[in-house]
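Structure assessment
Residue strings, one per chain:
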Amino acid sequence: MKILCYSSFTFSYLNRARVLFQTLREHHPDWELAALITDRPPEGFNFDPAAEPFDRLVWASDLNIPNFQSWLFKHDVVEVCTAVKGPFIHQACDWGFDAVIYMDPDTAALASLSPLEGWLEDHDILLTPHLVDANDDDAAIRDNDLSASRTGIFNLGFVAIRTTGEGARFAKWWNDRLLSYCYDDMPNGMFVDQRWCDHVPALFDRLKIIRDPGYNVASWNLSTRKVTVEKNGTISVNGAPLRFWHFTKLGAVGDAMTKRYAGTNFPVYEIWAWYKRQIQAATDPTIPDRWWAFGAYDDGRPIAKRERVLYRERIDLQQAFPNPFASGRGSFQEWLEHEGA
Amino acid sequence: MKRLIAAVAPRGLRGRFRRMHPDHAVAARAFDRAFYLKTYPDVGEAGSDPLEHFMTYGWREGRDPSPEFSVRAYLEAFPAVADADVNPFVHWITHGRPRAVVAEAPEGFRHDVLARLTSVEERMPAPFDGVTDPEVELSAALMISRGRLAGLHITVSHDDYSANLGGLQAAIQREAARLAERRRDHLHLYPAGPWPVVRTATEREGLGVVWNGEALGIFEPAAIVRALAAAAGTDASGRSFAIHSLLGHAPDEVVDILAAAGLNRGVFWLHDFASLCAGFHLLRNDVEDCGAPPPGSPACGICVYGPWRDRHLDAHARLFERLQLTVAAPSQATLDLWRASTRLPAAGAVVLPHVTLAAPRPAPAVPAGRPFSIAYAGLPVTHKGWPIFKRLAHRFAADPRYAFHHFGARGDPNLPATFQSVTAGPSRPQAMREALQDAEIDAVLVWPLCRETFSFVAYEAVAAGCAVVTGPDSGNVAAFVRDTGHGRVLDEAALMAAFESGEIADLSRARRAPQLFDLRYSALTLDLAAATNT
C-alpha cells in the first residue's frame, strides 16, 4: 500500500516534527513523509528541506486557498495549522497514494504502525477516540471525559483515510468545513477540526474507530491505560503493543497532567524522558522561541486574537483589506488604530 | 459542620472550634500537632499555635501538616489548587483525600530517578589531556619484579583497584593478594578517566598502571606495549590474564598489550553485563531491570543506554574474536542470562562464587515474642533498594510488630529506623556480618533494582543467621534465596502485603532457628584451572 503521511506545523514545532518523522522513517521507511508548513523560516535559520527527515515539503501558501492572506489572518496559529490539514488531505487524494495519514507534530511512533495498513484494506477512514475506556473517578471524568465532550470525541492528532470511496468523500467534506469553520469557538460548537469529526460516524460508512489502547496514548487517557515494559523489549499498553504516543503540552502543564494520571506507572515517565531528549537534540537554537511569521503585522507588532476575530466576523473589513497583515497607510492595522478601538 | 465537629472534637475543644475559621476546623481533622512542633521547632519557640501557624503561614512556606501530607507534592500534582491560592491541605481533606499525599512522592521514587537521569554523553570524561608519565619509568619499574615476569598476571578493569573501594576492587585485591603470596608478578591496567562506556579506537586515553600493588602512573598504551615486550620476553607459559571490566578500554589496545606478553588465552569476568549493553547493570533508564532484550527493541529505543548498546556489542565482539576467553561468572544466574543473551564465542564457561558459606553451626536462640527486626545493610542508595526500605519503614515504623534497623557507613536522619555505623574494609572485611549477627537481626532487605551478578551482602546476611528478603529482579540474590531457602522472593506489592498481614514474621529467628556460617572468599582467577596460559 502506497502511503503518504503528513504533519502540519510552524517552525516553532519543527523540533517536534523532526522527532515524529525520524520515528516514522525508522519504522516505515517505505512511507512518503510530508511536512505542511504554515510559516516562513526565521531570519538566521538556514532551512534546508533536503536535510530534514521528510520527503516532501508543502507550504500552506501553495494549497491554492482562495484569498490566502485574508483567510490566514482569520486564524490564530493553532487554528490555521489545523485548518490547512483539510485542503492538504483533499488534494493529496489525487497524488497517486492509496492512503493518506495525518499525525500531529507532537506525536511519535514507538513501534511499527503496520496494523493501520491492514485496517485500511477493509476501511476507508480510521479515527482514534480520546478515550476508549470510561473513567469512573470524579476528577478524571472532569479532566478527561467531559473535556472530550467539549473538544471532540476523536483526537485529530491522527486520522487515516483511503484516497478513494468514503475516504475521498471525507477528505472533501473536511476540506470544506475546515476552510470556513476551523476556529477555537466552543460556545458555537467548534473546537478547530475536532468537533466536526463527531459527525463522522453519522455521515460516513467504512469508518473504523481504533479502540486498541496502543494508539494515541496521551495524558487525557493515561487514567485508564497502564504502560509496561516487558523483558522481551516490547512496550505494552493494557497488554497491547504501544504504537504511538501523543506528547501533548511539553512542559510544566503537561508534566502535571501526566503525573496526576500516570501515578506510579513509571514507564510513562521513561517515555516522556526519552521524548524530551529527542526534542532537545532536534531543537535548532537559531529558531526563536514561539516563532511564527504570521503572528505579527508587517511592522512587527503582534496581532491580537481579538483583531483576528473582528476581521473574520466583518466581511466589509475582509473586502476592504485583502492583505490585513500590511502596515502603514490604508492598512487594516491603521484602521484599527483609528476606528477599530 | 457543627455536628461533625461535635463528633470529632473533645467537648473542651468545641468552643475553640466554634471560634475557628471553617477551614481551620476542617484542617484540624487531620492536622498532626506533635509532628508539626517536632518538625518545625521554631513554631513552638515562637509560642505560636501550630494549627494557626500552619493555616496562616506554614502551608505557604511549604511546611507539611502531617507526615502523611506533602504540601509540595500536592501542589505539584494539582497545579490548579496552587493557581487558585487554596490551602492544599483543606482541599485534600474536602476532596476525598486523593493520592499525591504520601511520604514518598505520589509518582514513586522512580519518577525522581528519571527526573535526575543524565545521558551517557553527559557522563563522558573530559578529553584526554595527553599528559603521561615517561616510558622509561615504566620500563625501569618492570625491571624490579617478583619473578622476572615468568608468572606474570595481567588484570584489566575500569579503575585503580588499589585506590578505590568496592566489590570489584576488593575482588581484584584478593587476586593481587594471592599473586603476592605466590611471588607472581601482577600488572593492572585501567583507563585514566572515569569512562561510563568502552572506548573506540579513535578515542585516545592514557592507561594507568599498577605494578605489584604500586601505582606507577599514566602511560600511552603504545608505550606499555613496548615496555612490556622488552621486559616480558616471549615465554608466556606461566602467565595469565583476567579482564574484569572493559569500561574505558579499547579492545584492540587491550589485545595488543596482552600480546606483548605473549598472552592470548585468558579469563573474562562477568562482574556486570557490559558485554551485553552500555547499561551494564541492565537497569533500563536506571529504574527497572530490562533482562537484556534484543538490541533495537522498543525498550532499548526509550532507554538512555540504547544508543550506546552497539558500541558495547561491537567492542566485546572484537575482544572475543581476537582472544580466547573463558567466561567466568560469580553466579549461575549471571551465566544463564549471559548465555541466553549473546552469541559471543567463549572458549569455555565457569561459575565461581566470590564467597561460599562454610562451617555451619546453630545460631543462639532468641526470645519469642520480640518485634520482627528488619535491616537494610549498606549505603542508602536507590539502585540498592533504599527507597523500598524507606517505604516499609515509613509505613510500619509505628507498628509494634516491627523494628527497623540500618547498618552502613552513613545513615538517613529522616528515616524512622535505628542506625548503626558499619564500615567494612580490608582490615575488617566481615564487619557487616558481625554487626548483623550481634544485633540478631531477623531479616535483611536486599532489594537491588538491578540484577546483581553477585551479592556479598546477601551472603553476609545469611552467614549472620538472617533471612534475606528480595525482589524478583535481583539476579544472584533471588537465585541464592530460591536455591537455599534462606528467605523470600517477593514483588513490591507482596512485600507490603507480607508486612501488613504479619506473614513476614515467618522469617523470624525464633521460627526459623537459623544457622551461622563462616564466609570463605575465592581468589577469583587464581582459583580457576584456566588461570594460566598453559
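This one's a predicted model, so the numbers in the text were calculated from it and none came from an experiment.

Attention now moves to the sheet that holds strand E5 (residues 240–243) of chain B. Whenever strands of a sheet pair, they do so through backbone hydrogen bonds, lying parallel or antiparallel. Residues and elements named next belong to chain B. Strand order across the open sheet formed by eight strands is E4-E3-E2-E1-E5-E6-E9-E10, with mixed pairing between neighbours. Across the chains shown, the open sheet's two edge strands, defined by having one partner strand only, are strand E4 (214–219) and strand E10 (348–351). On average, each strand axis in the sheet is tilted by 20° relative to the strand beside it, whichever way the strands run. Relative to strand E3 (residues 207–211), strand E2 (residues 186–191) runs antiparallel, the two being bridged by five bridges. Paired with His-188 across the two strands is Val-210, which belongs to E3. Packing of helix H18 (residues 332–341) onto the sheet brings it into contact with strand E9 (324–329) and E10, and relative to E9 it is tilted by some 135°.

Moving on: the interface of chain B and chain A. Opposite the 26 residues of chain B that make contact, chain A presents 22 residues. When grouped by side-chain class, the residues that make up the side of chain B that touches chain A number 13 nonpolar, seven polar and six charged.

Residues and elements named next belong to chain A. Assigned domains of chain A: these are domain 1 (3–282) and domain 2 (303–340). Measuring from the centre of the C-alpha atoms in domain 1 to the corresponding centre in domain 2 gives 32 Å. At the junction of the two partners, domain 1 supplies seven residues and domain 2 supplies nine residues. Along the lines of polarity and charge, the residues of the side of domain 1 that touches domain 2 split into one nonpolar, four polar and two charged.

Residue and element names in this part refer to chain B. Taken together, the four bridges between E9 and E10 define a ladder with parallel strand orientation. In the sheet register, Ala-328 faces E10, and the bridge partner there is Val-350. Note on the crossover from E9 through H18 to E10: the handedness is right-handed.

About the criteria used
Residues numbered from 1 in each chain as written. Chains lettered and ligands numbered in written order. Predicted model: local features only at pLDDT ≥ 70, side-chain atom pairs only at ≥ 80, totals over all residues. Pairing = 2+ DSSP bridges. Helix = DSSP H or I, 4+ residues; strand = E, 2+ residues; numbered from the N terminus. Axes fitted to C-alpha atoms, helices over the stretch in contact; angles between N-to-C directions. Contact = placed C-beta atoms within 7 Å. Nonpolar A, V, L, I, M, F, W, Y, C, P; charged D, E, K, R; others polar. Domains from an automatic or database assignment. Right-handed = clockwise from strand over helix to strand, strands pointing away.

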